[in-house]
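Residue-level structure breakdown
The residues making up each chain are set out below.
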Amino acid sequence: DTDAGGGDGDTIAFHIGDAAGAGTTEMILRKNSYGTARLEFPDAFTNTFIGDKTGEHNSIGFDNTAIGNQAMHNNAGGNSNTVVGAHALFTNATGFGNVANGVYALYKNKHGNYQVAVGQGALYSAYIATDNVAIGKNALYSDSTGSHNVAIGSSALYSNVTNDDLVAVGDS
């Protein structure tokens, strides 16, 4: 539908569902008063998922933003995650407050919270780890349960699996 909800011709709404309106999903392209376009996804859980199979299994998770092929694919109830990159935070089930930016960043995270992974494969193996920061390709790659670590640089703390409270800068 064009001109949906505004009457000014600056809104395009896409409705996906059956003829009776059951199961209807909306996507709205709207121009604001400054002429800037924005794409809205009015979702009961305030999630934004963009990409093939992105957020596909989300059932009760809310306030998530995921962009990239299969990003947050298995998320069920994780909340307040921000994800950019193919397969990033792919396995997440209930983890919340995570930031993953890069292909396969936080890929195996299932229940870990408050982690920052920037770079391809950063915190790849994290499963239930919490409060880690990994910046750089494969930084904290093998970390599964270690928490409160900071790794900056390509492959920094690559082999750490369970240790906590480590800081590394550079390849280590």
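Okay, so let's go over this structure.

Analysis parameters
Residues numbered from 1 in each chain as written. Predicted model: local features only at pLDDT ≥ 70, side-chain atom pairs only at ≥ 80, totals over all residues. Heavy atoms only, no water. Helix = DSSP H or I, 4+ residues; strand = E, 2+ residues; numbered from the N terminus. Buried < 20%, exposed > 50% of the residue type's maximum accessible area, 1.4 Å probe, protein only. Areas by Shrake-Rupley, 256 points an atom, 1.4 Å probe, with all protein chains shown as cover. Contact = heavy atoms within 4.5 Å. Patch = residues over 30% accessible without salt bridge, like charges linked within 9 Å, V, L, I, M, F, W, Y side chains within 5 Å. Salt bridge = Lys/Arg side-chain N within 4 Å of Asp/Glu carboxyl O. Core = buried A, V, L, I, M, F, W, Y, C linked by side-chain atoms within 4.5 Å. Polar contact = N/O pair within 3.5 Å; in protein donor to acceptor, adjacent residues only side chain to side chain. Pairing = 2+ DSSP bridges. Axes fitted to C-alpha atoms, helices over the stretch in contact; angles between N-to-C directions. Phe/Tyr/Trp six-rings, centres within 6.5 Å; stacked < 30°, edge-to-face > 60°.

**Brief notes about the overall build of the protein**
- Across its full length, the protein carries zero helices and 11 strands.
- In sequence order, the protein lays out its α and β elements as β-β-β-β-β-β-β-β-β-β-β.
- When burial is assessed residue by residue, the protein has 39% of its 172 residues classed as buried.
- Surface summary for the protein: the accessible area is close to 8600 Å², and the carbon and sulfur share equals 56%.

**Here we look at the environment of aspartate 165**
- Its location among the elements puts aspartate 165 in the loop between β10 (150–152) and β11 (167–169).
- By relative accessible area, aspartate 165 is classed as exposed at 57%.
- If sequence neighbours within four positions are ignored, aspartate 165 has contacts with Ser147, His148 and Asn149.

**Here's the deal with the environment of asparagine 138**
- Within the secondary structure layout, asparagine 138 lies in the loop between β9 (133–135) and β10.
- With 19 residues separating them in the primary sequence, asparagine 138 and glycine 119 have C-alpha atoms 7.0 Å apart.
- If we ignore the near neighbours within four places in the chain, the residues touching asparagine 138 are Gln120, Gly121, Ala122, Ser155, Ala156 and Tyr158.

**What to know about a nonpolar patch on the surface**
- The grouping of Val118, Ile135, Ile152, Val167 and Val169 at the surface amounts to a nonpolar patch, some 440 Å² of accessible area in total.
- Note that valine 169 resides in strand β11.

**A short note on the nonpolar core**
- Residues Val83, Leu106 and Leu123 are the most contacted members of the largest nonpolar core, which totals 21 residues.
- When near neighbours in sequence (up to four residues on either side) are disregarded, valine 83 contacts Thr65, Ala66, Ile67, Ala71, Met72, Ala88, Leu89 and Ala100.

**Focus: the environment of threonine 91**
- Checked against the element boundaries, threonine 91 lands in the loop between β6 (82–84) and β7 (99–101).
- Sequence separation between threonine 91 and lysine 108 is 17 residues; the distance between their C-alpha atoms is 5.2 Å.
- Leave out the neighbours within four places in its chain, and threonine 91 touches Asn74, Tyr107, Lys108, Asn109 and Lys110.
- Here the side chain of threonine 91 touches tyrosine 107 through a polar contact of 2.9 Å, landing on its backbone oxygen.

**Description of the sheet that holds β6**
- Taken together, the eight strands give an open sheet; going across it, the order is β4-β5-β6-β7-β8-β9-β10-β11, and neighbouring strands pair in parallel fashion. The sheet is open, and its two borders are formed by β4 (48–50) and β11, each paired with just one other strand. When the angles between neighbouring strand axes are averaged without regard to direction, this sheet yields 5°.
- Here three bridges tie β7 to strand β8 (residues 116–118), and the two strands are oriented parallel to one another.

**Overview of the packing of aromatic side chains**
- For the structure on display, the rule yields seven aromatic pairs.
- Residues tyrosine 107 and tyrosine 124 carry aromatic rings whose centres are separated by 5.1 Å and whose planes lie at 10° to one another, so their mutual orientation is stacked. Of the two residues, tyrosine 107 sits in the loop between β7 and β8 while tyrosine 124 sits in the loop between β8 and β9, which places them 17 residues apart along the sequence.
- For tyrosine 107, a relative accessible area of 18% gives the class buried.
- When the centroid spacing of 4.8 Å and the interplanar angle of 5° are considered together, the rings of tyrosine 124 and tyrosine 141 count as stacked. In this pair, tyrosine 124 is assigned in the loop between β8 and β9 and tyrosine 141 in the loop between β9 and β10, connecting sequence segments 17 residues apart.
- Overall, the relative accessible area of 22% leaves tyrosine 141 in the partly exposed class.
- An aromatic cluster is built from Phe90, Tyr104, Tyr107, Tyr124, Tyr141 and Tyr158, whose rings are joined through pairwise contacts.

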